[in-house]
Amino acid sequence: MTDLSQNQKTSTESRGQWSSNIGFVLAAAGSAIGLGNLWRFPYLAEQYGGAAFVFIYLIALLLIGYPIMLGELAIGRAAQLNAIGSYRKLGGKNWSLVGVMGIVAGFLILSFYSVIGGWVIYYIFEYLRGLISDIVQSNLGGISQDTKNHFVSFTSDTWQPILWHFIFMFLSVCIVLKGVSAGIEKYSKIMMPCLFILLIIILIRSVTLPNATAGIIYYLKPDFSKITGEAMIAAVGQVFFSLSLGMGCMITYGSYLSKKENLQTNALIIPSLDTLAAFLAGFAIIPAVFAFNPNATTIGQGPGLMFITLPKVFQQMPFGNFFGLLFFILVFFAAVTSSISLLEVIGSYFIDQFHWKRSKAMLIMASLIFLLGIPCSLSFGPMQNAKLFGKTFFDCLADLSSNIMLPLGGLLMCFFIRHIWKIENAEKEISSEGQYPFKLLPLFKIMIYVISPICVVAVFLYANTGLFGDILALLGFIE
Ligand code: PHE
């Protein structure tokens, strides 16, 4: 064996590689399917005209989601390195800064994501207690009568949420410590199918509730009058966060993929699974909320929907503790398969660059993320009034990472492919050196050169300053 191939072999061994294409697809879909699908998508669909929103979301997915996903996977697989290393290898030292921004974004996202992941485990625990007390015929367990008070008193406590945040981080670390194929891939292969099965069980329960039809009609009836400029921008933003784009996640996952796999079909399957999960989540949630509250004008959003409205729905349902338990297990699977991808993006840099052992890289990074999560957690309680730019610490991190860093990362990636790495090299990688001819190249070019950058700039401006909204208003697109 030549020195070169010996070197390559050792580097693949220490970096890790997916053992199969399906394993990769499930891990990448696991990263994409997360809290964003389960609470944000149903809420956006409800707010922006039901099926009409789903329709524009699909367009945004094709115009932006597909090309950027393909671009990131190609960069990672060409360079066979982490996000920073990939940009540096293909574009020179200055470009590694884009990777740095991605890794910092991952760090920030994971610190608040893990706090919510902790809440989810706590709710699993509470429903389990409820289920046990149902069985022994006492009614002490479960989420107590007033779901809002229950939620507020739990999240505003100092130590409890931090403890659960720790447990969530600990479980995520345990998975990534086992490596790419024996950890991330293996657990995704178990959790993702389970997630879909649980989603379908809850969906069937939800649509068969008395009065569920009102919710189904509400969800499926397209109301195109709600498709404003704002709705379109919300759709683009959702594509970004939901597909884990703009921060090097797909670069890192792509770097573990063998050269013989077809990037074009993979970049199509991952968003399709992600969208399917989001769409089914809407079906599972909206009819249930309407069934018990026929006069609902809104389903509520974010933490409120998941931790207050839905527990109230479960409470009114026969075997509510059982369905509550299934639901939160489902949310846990979604959250943990996303959090391991975030941790992998960060840890892989230290493994590639400084040749740290996986255990050292992951433990140190996870500890730092845990520490940063503490003020996030406290911002629901003791640090509620500590505001930075008028926002709590939690909101600051969430907004900075998803509204600024992700779109900026996506925009720079488009620029990178066009001007630095060059489209010919991207094509070579995407077609696996001609093995799978890239027939959509002309379309891909239009997307990467023009459409995606314009849309991303629009989201960026709108999300951050409201400026774009003003311009749209001026042009008469929105009120
Ligand atoms: N896609 C995940 C979700 O929908 C969040 C995420 C963003 C994960 C960026 C990794 C990277 O919840």
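Note that the structure is predicted; figures quoted are calculated from it, not measured.

Definitions and limits used
- Residues numbered from 1 in each chain as written.
- Predicted model: local features only at pLDDT ≥ 70, side-chain atom pairs only at ≥ 80, totals over all residues.
- Heavy atoms only, no water.
- Near = heavy atom within 4 Å.
- Polar contact = N/O pair within 3.5 Å; in protein donor to acceptor, adjacent residues only side chain to side chain.
- Areas by Shrake-Rupley, 256 points an atom, 1.4 Å probe, with all protein chains shown as cover.
- Helix = DSSP H or I, 4+ residues; strand = E, 2+ residues; numbered from the N terminus.
- Buried < 20%, exposed > 50% of the residue type's maximum accessible area, 1.4 Å probe, protein only.
- Arc of directions from axis to C-beta.
- Core = buried A, V, L, I, M, F, W, Y, C linked by side-chain atoms within 4.5 Å.
- Contact = heavy atoms within 4.5 Å.
- Salt bridge = Lys/Arg side-chain N within 4 Å of Asp/Glu carboxyl O.
- Phe/Tyr/Trp six-rings, centres within 6.5 Å; stacked < 30°, edge-to-face > 60°.
- Lys NZ or Arg CZ within 6 Å of the ring centre and 35° of its normal.
- Axes fitted to C-alpha atoms, helices over the stretch in contact; angles between N-to-C directions.
- Parallel < 35°, antiparallel > 145°, perpendicular 65-115°, else oblique.
- Nonpolar A, V, L, I, M, F, W, Y, C, P; charged D, E, K, R; others polar.
- Expected span 1.5 Å × (residues − 1).
- Left-handed = near helix turned anticlockwise from the far one by under 90°.

1. Regarding the site of the ligand
Thought 1: In the vicinity of the ligand there are 14 residues, among which Ala32, Leu35, Gly36, Tyr113 and Phe241 approach most closely.
Thought 2: Between the ligand and Asn37 there is a distance of 3.3 Å, counted from an oxygen atom to a side-chain nitrogen or oxygen.
Thought 3: One of the side-chain nitrogen or oxygen atoms of Tyr113 is found 2.6 Å away from an oxygen atom of the ligand.
Thought 4: Here the ligand loses 100% of its free accessible area of 330 Å² to cover by the protein chains.
Thought 5: Sorting the residues of the shell around the ligand by element identifies α2 (21-32), α3 (35-47), α11 (229-242) and α15 (320-354) as the ones contributing at least two each.

2. Details of helix α18 (residues 423-430)
Thought 1: Listing the buried residues of α18 in full gives Ile423, Ala426, Glu429 and Ile430. The buried residues of α18 all sit within an arc of 125 degrees when viewed along its axis, so they share a single face.
Thought 2: One or two steps after α18, the chain reaches Ser432, where phi turns positive at roughly 50 degrees.

3. Things to note about the nonpolar core
Thought 1: Within the largest apolar cluster, 166 residues are counted, with the highest numbers of intra-cluster contacts made by Trp18, Phe24, Phe53, Phe307, Phe327, Phe328 and Leu343.
Thought 2: For Phe307, the contacting residues outside a window of four places in its chain are Trp39, Ile116, Trp119, Val120, Tyr123, Thr147, Phe151 and Phe328.

4. Re the pattern of salt bridges
Thought 1: Counted by the stated rule, this structure contains six salt bridges.
Thought 2: The shortest N-O distance in the salt bridge between Arg15 and Asp352 comes to 2.8 Å. Of this pair, Arg15 sits in helix α1 (residues 3-15) while Asp352 sits in helix α15, placing them 337 residues apart in sequence.
Thought 3: Look at Asp352 and you get buried, because its relative accessible area is 13%.

5. Points about the packing of aromatic side chains
Thought 1: Per the stated rule, a full pass over the model turns up 44 aromatic pairs.
Thought 2: Aromatic pair Phe41 and Tyr57: ring centres 5.2 Å apart, planes at 75 degrees, arrangement edge-to-face. Highlighted residues: Phe41 in helix α3 and Tyr57 in helix α4 (residues 51-79), separated in sequence by 16 residues. Tyr57 carries the same exposure label as Phe41, and that label is buried.
Thought 3: Seen from their ring centres, Tyr349 and Phe354 are 5.7 Å apart, and the 85 degrees between their planes marks the pair as edge-to-face.
Thought 4: Given a relative accessible area of 42%, Phe354 falls into the partly exposed group.
Thought 5: Here Arg418 stacks its cationic end above the ring of Tyr449, 4.3 Å away from the centre of that ring.

6. Here's the deal with the side chain of Ser242
Thought 1: Relative to the assigned elements, Ser242 resides in helix α11.
Thought 2: A distance of 2.8 Å separates polar atoms of two side chains, one belonging to Ser242 and the other to Asp274.
Thought 3: When sequence neighbours within four positions are dropped, the list of residues in contact with Ser242 reads Ala32, Ile33, Asn37, Tyr57 and Asp274.

7. Some remarks on the packing of helix α5 (residues 83-91) against helix α6 (residues 96-135)
Thought 1: At a closest axis distance of 7 Å, the pairing of α5 and α6 adopts a crossing angle of 170 degrees. Overall, the two elements α5 and α6 adopt an arrangement that is roughly antiparallel. In this structure, α5 contributes Ala83, Ile84, Tyr87 and Arg88 to the contact, and α6 contributes Ser96, Val98, Gly99, Val100 and Ile103.
Thought 2: By residue class, the composition of the contact of α5 with α6 is six nonpolar, two polar and one charged.

8. Thoughts on the side chain of Ser111
Thought 1: Take Ser111: it is sitting in helix α6.
Thought 2: Within the structure, Ser111 has its side chain in polar contact with the backbone oxygen of Leu108 (distance 2.7 Å).
Thought 3: The contacts of Ser111, once residues within four sequence positions are left out, are His165, Ile369, Leu372, Gly373, Cys376 and Leu397.

9. Looking at helix α16 (residues 358-378)
Thought 1: Here α16 contains 21 residues, and its C-alpha end-to-end distance of 30 Å stays within 8% of the 30 Å for a straight helix at 1.5 Å per residue.
Thought 2: If you check which residues of α16 are buried, you get Arg358, Ala361, Met362, Met365, Ala366, Ile369, Phe370, Gly373, Pro375, Cys376, Ser377 and Leu378.

10. Details of the packing of α15 against α16
Thought 1: Running from amino to carboxyl end, α15 crosses α16 at an angle of 130 degrees, the nearest separation of the two axes being 9 Å. Relative to α16, α15 is oriented oblique. As α15 packs across α16, the resulting crossing turns out to be right-handed. Residues Leu343, Glu344, Ile346, Gly347, Ser348, Phe350 and Ile351 of α15 form the contact with α16, whose participating residues are Arg358, Ala361, Met362, Met365, Ala366 and Ile369.
Thought 2: Taken together, the residues of the contact of α15 with α16 sort by class into nine nonpolar, two polar and two charged.

11. With respect to unusual backbone geometry
Thought 1: The backbone of Phe319 shows a phi angle near 55 degrees, a positive value even though the residue is not glycine.
Thought 2: The phi angle at His355 is positive, at roughly 55 degrees, despite the residue not being glycine.
Thought 3: You can see His355 is positioned in the loop between α15 and α16.

12. Side note on the environment of Gly91
Thought 1: Structurally, Gly91 can be placed in helix α5.
Thought 2: Residues Gly91 and Ile417, spaced 326 residues apart in sequence, show a C-alpha to C-alpha distance of 9.4 Å.

Don't take any of this as a statement about function, it's just geometry.
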